[in-house]
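Examining the three-dimensional arrangement
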Amino acid sequence: MDYVQAIVDGLLFGAVYALIGIGFTLIFGVMNKINMAYAAASFAGAYVSLGIAQVVGLSGDFGLPPFVMFLVSAVAGGVFAYIVYLICFRFTPDHYELASLMATIGTLLMVDEMVVQATNGEPQNYPEVLQGIFDNPMLEFSEEFAIRGDLLTLFIVAVIATLGLLWVLFRTKLGLATRAVAQQRMAAQLCGIRVDRTNATTFVIAGVLGGLAGAMIGAVVGTLLQSLVVIPLTIKGLIVTVIGGLGSIPGAIVGGLMVGAFENVFLAIRGVTERDMYVMLLLFVFLAFRPQGLFGRVAVRD
Amino acid sequence: MLEIKTLSKHFGGVRAVDELDFTVRQGEIFGLIGPNGSGKSTTVNLVTGIFPPTAGEIIFDGRDITTAQPHVTLDAGIARTFQNIRLFNNMTVWENLWVAQNSAEDKKATNLLSRWMGGSRKAKSQVEEYLEFSALADKRDELAGNLAFGEQRRLEVARALAAKPKMVLLDEPAAGMNREEVRALDERLRALKARGITVLLVEHVMELVMEVTDRIAVLNFGQKIAEGTPSEIQNNQAVKDAYLGTSGD
Amino acid sequence: MIVKRFYLFAGAAAVALTGVSGTALAQKFDREVHIAGFGAKSGVVRSFGVNTEGMMRAAADKINAGGGIKLGDGKMGKVVVTFYDDRCRAEEGISVIRRIASGKFVVAVGPTCSNVAEPLFGILQKTVDDKSDSGLQFPIFTDTAIKGGLAKISAWAFRNVPNETEMYKNLFAWVKKKWPNLKTVYGGVEEDFAHSRFTWYKVMDKQAKAAGFKVLGRAKWLLADTNFTTQVRAMKKAKADIISISSHPFTLCGLLKEMRRQRVKYKVLIGLTSSSSMETLQGCARQAKGIIIPTSFAPVTAAAKEASAGGAKYKASADLHSAAAWENMMVLKQVMESKGVMAKAGTIQADRRKIRDGLAALKNTQGLIGSIKRHKSGEATKPFVYVHAQGKEWKILHDPNK
């Protein structure tokens, strides 16, 4: 029965990995480039929300309710994403393929270090998801199996965010433009779509999702610790994106849930030291046998 | 309408377009022909601003668009189709047209949301019109990638139209079409002319070119070797040499 | 005219003032005594390094305010503290100590982490005057690294850390007496941290059994872990009366939060000495309520309160580890004066030897909450009290000395 619990917990937490994966894959889909600084900008957003809450609050208590903090984090994530877009994509030379990749890696390292300086490398408490509303709610089905209230809330929020994104993509002209640029960049230009504006907007949307994901991870774990969060989640996000297929949103969703469940099951079976090893093994299996991922794009672009 | 003056494009040592000179008059159907590699597609790319020329000028409707980028040329009123079809394959026929629907009305929309989100009913009804024009109304919800070849070509032309251009550049629209489809294309080109849209037609299918164009320019090795009416071109020795000298179409 | 005179006057005043203050400083101290501090200033245990540094600086301020250290030739020496980050890693610690030893420092206080202390002591000379031993001849006076029995590794290593065996033996016996119907214990241990690991297996487990409790099992995790679901589920099933957790504030809080989530029931909660710090209360005051920890520091005497206040100026909080750093500074002053340390560029190695010999000869030192006994092994026996978490502070639960 422990396996069921581990899988369910993992799936619920995997929703956050899915959000991060969606962010990576969105940007790859539209610009054919990987934004290595994505998770960093997202967590910077979470730290900003924390900073504001600490300033507003009195003596250690959080001055803002959790959902407001999520909102602040999402907005901050969007802002940082836009800055990353400007620095690493808009103003880097187009003909030098590696320029933007190098720039994003540099930005990742810089933001990581900035967070260390700002927090002195210490773990920062983050309010729990339902703090102030419920006190550690658990849906207990039996002695062997229970669903954590905060994990469930996290999952629901992630689902809502994803649905929101899909609505934007498929029901608005902005989303249409984004999909057009992703499919045929030149033709989109010739249809009058401002590609750089579309890309910037895509970045901001991805950043908003990322900021939300960062805040939720902080809320569920209870602390934000830079060394556990920035680079490890960049790597996990990339793994999810690769497993799901670069450029595919359904792939990122499935990939995220998969990695979450996988990780948690192996945590339960083999313990913390080996857990990451098995996630890497999963990645390796995919790279070896299905490198395009679950839903990898088949069409070749011009 | 369109003036090309001593236009040149060099790619390294290769002179894709070499001091090209011709003028397309408003409302006419102008043909651009020549053997493979003579610089026809490059010329179209230069006009629409995909890349800038090495030398020369491009004047459209009195405006200098020599170094203008694609969205600027589109604003100026030029639309184009591609040699290898570049439809948005994962979108429906309707959506493909809707993307191109960039009417002046939309641009002036004071409500930002409307610009990004909805689009007016008028704009949407215009898409219907284009669907009718290219006889694709019954395929409106089909994914563009699933259409038959001829239908895809029609969609491409329709998409170019949706931008409400003053001039359309068609890059080998008849390629791979059978007799019937070519005839249908012929009719549609005339319909465009009737609406007052200027057409620059890059083509290899000679019957179509000779039938439908008002004037023709012939390119070889990036240079213009002849210009005139279809009958003049047919009897031009230099043109015959060019086509016989190379492997032709 | 008036302007010119004003500038002349101002200039003269400025010169006079600098002259006065300059000579005043020069008159106060003749030379500088350099003391190094080193510990973890990055990562999960960063707060320990920060606190130690703060307390060392506060102690230096107090010493200097009282005139400084009286040197061997009657002159006064100003205490100057320099602190280094060893990142709680053995290689860093060793490289840091080598750097310190090649400089002008006469003694070092540190390290924070037991996994640094152990190999570090190993590179020191084992026995004094052993010509065949090329180990480092540099005295180290440890404030924090607490894993049992390390000082005997070298004659140059001294520690002012509490004896956990003593503390937990006492605590479990007291618990048994106070709540006689409690029978079982379940443990929790940070497996990858030398201190916590040693303290569970060699101290808590052993002493719990010695006091007559049955140890039902223990949960395991790593220093930087954040997910405790599996471990807590096993803990809940065990239904023990007492839960004894050997881990530092970061994972302690994570574990306690999970225990609360899964509604684990217990009668008594016991923690690791190092977790009797502000960090625990800042991280999880609610979940940690009532946790009992034996500690060798609490602000119960005037001296202890003074040290607390001093550290606060440097944003350091006083707990059993950082307060030991303060105690170390005071002891070093005492030793340097009694041995006549010279603090000259040419006497550095001689000074180091004097300090080592002085520390080795000590039988007692004055601690902040009572007298500390020193042993030939280089270890100390410190007085201790039990504190328990009550909201935003640690309150004294029981003083076994009374």
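What you see is a predicted model, and the numbers here were worked out from it, not measured in a lab.

1. Examining the state of the cysteines
Residues and elements named next belong to chain C. Counted under the stated rule, the structure contains two disulfides over all chains. Linked covalently through their sulfurs, Cys 88 and Cys 113 form a disulfide whose S-S length is 2.1 Å. Linking Cys 88 and Cys 113, the disulfide has an S-S dihedral of approximately -120° and is accordingly described as left-handed. In this pair, Cys 88 sits in the loop between strand E3 (76-85) and helix H3 (90-101) while Cys 113 sits in the loop between strand E4 (107-109) and helix H4 (114-122), placing the two residues 25 residues apart along the sequence. Shown here is the disulfide that connects Cys 253 with Cys 284, its sulfur atoms set 2.0 Å apart.

2. Let's talk about the interface of chain B and chain A
The extent of an interface is frequently quoted as the accessible surface area lost upon association of the parts. Between chain B and chain A, the residue contacts involve 25 residues of the former and 21 residues of the latter. Carbon and sulfur atoms make up 64% of the area that chain B and chain A hide from each other, which totals about 2200 Å². Remark: the boundary between chain B and chain A carries one salt bridge. The residue Glu 95 of chain B makes a salt bridge to Arg 179 of chain A at a minimum N-O spacing of 3.1 Å. Contributing elements (two or more residues each) for the side of chain B that touches chain A: helix H2 (70-76), helix H3 (93-100) and helix H5 (112-116) of chain B. Here the side of chain B that touches chain A takes four residues from H3 of chain B, the largest share from any one element. Looking at side-chain class alone, the side of chain B that touches chain A contains twelve nonpolar, seven polar and six charged residues.

3. Overview of the domain arrangement of chain B
All names here are of chain B. Taken domain by domain, chain B holds domain 1 (2-77 + 165-245) and domain 2 (87-152). Just the C-alpha atoms count here: the centres of domain 1 and domain 2 sit 27 Å apart. Domain 1 puts nine residues into the contact, and the matching count from domain 2 is seven residues. Taken over both partners, the interface formed by domain 1 and domain 2 buries close to 590 Å², and the fraction arising from carbon and sulfur atoms is 62%. The three residues of domain 1 that bury the most area against domain 2 are Asp 75, Arg 188 and Arg 195, which together make up 52% of that side's buried surface.

4. Considering the sheet that holds strand E7 (residues 167-171) of chain B
Whenever strands of a sheet pair, they do so through backbone hydrogen bonds, lying parallel or antiparallel. Residues and elements named next belong to chain B. Taken in spatial order, the six strands make up an open sheet running E6-E7-E8-E3-E9-E10, and their pairing is mixed. Where the open sheet ends on each side, the last strands, each with one partner, are strand E6 (78-80) and strand E10 (223-228). Direction aside, the axes of adjacent strands within the sheet are offset by 20° on average. When E7 meets strand E8 (residues 198-202), the two strands line up parallel, connected through five bridges. Each bridged residue has a counterpart across the sheet, and for Met 167 the counterpart in E8 is Thr 198. In the packing of helix H1 (residues 40-48) onto the sheet, contacts are made with strand E3 (29-33), E6, E7, E8 and strand E9 (215-220), and the angle to E6 comes to roughly 140°.

5. Digging into the pairing of E3 of chain C
All names here are of chain C. Of the strand pairs in this sheet, strand E1 (residues 31-39) and E3 are connected by nine bridges, and their pairing is parallel. Within the sheet, the bridge partner assigned to Gly 37 lies in E3 and is Phe 83. Strand direction decides the pairing type here: strand E2 (residues 69-70) and E3, joined by two bridges, are antiparallel. Following the sheet pairing, Lys 70 is matched in E3 by Met 76. A loop of five residues connects E2 with E3, the two strands running antiparallel in sequence, and Gly 74 in this loop sits at a positive phi of about 90°.

6. A look at the sheet that holds strand E1 (residues 2-11) of chain B
Residues and elements named next belong to chain B. The sheet built from four strands is open, its strands ordered E2-E1-E4-E5 with antiparallel pairing. Each of the sheet's edge strands pairs with one partner strand only, and the pair in question is strand E2 (14-24) and strand E5 (63-64). Summarising the sheet, E1 and strand E4 (residues 55-60) pair through five bridges and their orientation is antiparallel. Paired with Glu 3 across the two strands is Ile 59, which belongs to E4.

Procedures and definitions
- Residues numbered from 1 in each chain as written.
- Chains lettered and ligands numbered in written order.
- Predicted model: local features only at pLDDT ≥ 70, side-chain atom pairs only at ≥ 80, totals over all residues.
- Heavy atoms only, no water.
- Disulfide = S-S within 2.5 Å.
- Helix = DSSP H or I, 4+ residues; strand = E, 2+ residues; numbered from the N terminus.
- Contact = heavy atoms within 4.5 Å.
- Buried area = accessible area lost by both parts, 1.4 Å probe.
- Salt bridge = Lys/Arg side-chain N within 4 Å of Asp/Glu carboxyl O.
- Nonpolar A, V, L, I, M, F, W, Y, C, P; charged D, E, K, R; others polar.
- Domains from an automatic or database assignment.
- Pairing = 2+ DSSP bridges.
- Axes fitted to C-alpha atoms, helices over the stretch in contact; angles between N-to-C directions.

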